Amino acid sequence: MNYQYIRVEPLTPTIGATIHGVDLSRPLDDETFDEIHQAWMEHLVVFFRDQELTPEQHLEFGRRFGPLHIHPAAPYVHDNPELMQIHTDRHSQRNNGAGWHSDVSADEEPPLGSILHLHQVPAKGGDTLFANMYAAYDALSGPMQAWLAGLNAVHRADYAGLYGDHKPQRAFPQSTHPVIRAHPVTAKKALYVNSGFTRRIEGLTAAESRGLLQFLFEHIRNPAFQCRFQWRQNSIAMWDNRCTQHLAVWDYFPDTRSGIRVTVKGDRPFC
Ligand code: SIN
């Protein structure tokens with residue numbers, strides 16, 4: 001793909017690219033926005049450096065991709081639940097997103113994408129890993145792909161106790177989604193189960209479901225499907241939840257890592 005308005009630097013051949021030449025604090029013309037969207041669809045997760053965005057500018061950028069999603073339970077900042085807080089410091093008991101997941105896949109219409117802006121980063125560590133779920137699907141054998149294509153899985157969120165005494169925004173969601181989903185923009189097929197939210201495969205015995213999910217969760221951990229992003233202050237990562245999973249590494253205790261995530265609403269997954 002040739003880009004005229006931005007420069008795109010892939011991080012790996014499989015997933016991830018840094019976009020250069022844009023200032024997201026300024027209104028984006030349609031041509032630049034379209035190229036950012038194309039690069040995102042091509043590389044699944046895109047990164048921007050040195051973006052001094054206000055929360056309002058961050059919200060405005062997110063809204064270019066669609067209406068914004070509100071997390072069921074996470075704390076937020078500036079009195080706006082569209083501004084999800086991502087924060088870990090010396091008092092934290094856990095970090096957000098420590099296991100492989102696709103954001104809030106337990107929602108009936110899970111978010112299509114998430115845009116994380118980090119304002120403060122640890123001196124070392126605090127990387128985020130991203131994995132390509134098209135590649136995970138493609139690496140399965142034909143018979144396995146055919147079998148999974150007919151299966152649905154139950155996704156359930158349980159945030160009880162995870163956010164201290166912060167009152168949840170809404171009831172914890174539960175939904176059933178196809179194990180293989182077709183991406184509404186690229187039409188490519190992606191594996192859509194994750195260890196954060198997927199609890200069981202419908203129609204299988206408990207033992208069969210456990211065994212299959214264990215195999216798939218292990219399968220997606222293949223480093224060949226992944227990239228690893230090293231944050232700097234004012235970096236942004238924007239990932240497509242329909243075809244990726246991610247994991248945030250907490251290897252920097254007692255340092256602080258802090259920022260805001262704006263999340264874009266998505267559609268009901270289909271196969
Ligand atoms: C998340 O949104 O899952 C957290 C990602 C991160 O902190 O890198």
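Just so we're clear, the structure is a prediction, and the values are computed from it rather than from any experiment. (Residues numbered from 1 in each chain as written. Predicted model: local features only at pLDDT ≥ 70, side-chain atom pairs only at ≥ 80, totals over all residues. Heavy atoms only, no water.)

(A) Structural detail: the site of the ligand. The immediate surroundings of the ligand are formed by I86, N96, G97, H101, D103, L116, T128, W239, H246, A248, R257 and R261. The side chain of H246 places a nitrogen or oxygen atom 2.9 Å from an oxygen atom of the ligand. Side-chain polar atom of R261 to an oxygen atom of the ligand: 2.8 Å apart, as the coordinates give it. Coverage of the ligand by the protein amounts to 100% of the 260 Å² it exposes when considered alone. Its atoms largely coinciding with the cavity grid, the ligand occupies the largest cavity. Its residues assigned to classes, the shell around the ligand comprises four nonpolar, five polar and three charged. (Near = heavy atom within 4 Å. Polar contact = N/O pair within 3.5 Å; in protein donor to acceptor, adjacent residues only side chain to side chain. Areas by Shrake-Rupley, 256 points an atom, 1.4 Å probe, with all protein chains shown as cover. 1 Å grid on protein atoms, 1.4 Å probe; cavity = no way out; pocket = protein on both sides within 12 Å on 5 of 7 lines; lining within 4 Å. Sits in = over half its atoms within 2 Å of the grid points. Nonpolar A, V, L, I, M, F, W, Y, C, P; charged D, E, K, R; others polar.)

(B) Representation of the sheet that holds strand β12 (residues 226-229) in the model. Reading across the sheet, the three strands line up as β12-β6-β14 and stay open at both edges, with antiparallel pairing between neighbours. Both outer strands of the open sheet, β12 and β14 (244-248), are each paired with one neighbouring strand and no more. Here the strands of the sheet are splayed against their neighbours by 20° on average, with no regard to which way each runs. Pairing between strand β6 (residues 128-132) and β14: five bridges, direction antiparallel. From the neighbouring strand, L129 faces β14, where its bridge partner is L247. (Pairing = 2+ DSSP bridges. Helix = DSSP H or I, 4+ residues; strand = E, 2+ residues; numbered from the N terminus. Axes fitted to C-alpha atoms, helices over the stretch in contact; angles between N-to-C directions.)

(C) A look at empty space enclosed by the protein. Evaluated as defined, the whole model comprises three cavities of 30 Å³ or more. In this model, the largest cavity occupies a volume close to 110 Å³. Forming the boundary of the largest cavity are I86, N96, G97, H101, D103, L116, T128, W239, H246, A248, R257 and R261. Looking at the lining of the largest cavity, the elements that each hand over two or more residues are β14 and β15 (257-264). (Points joined across faces, edges and corners; volume = space filled by probe spheres on them.)

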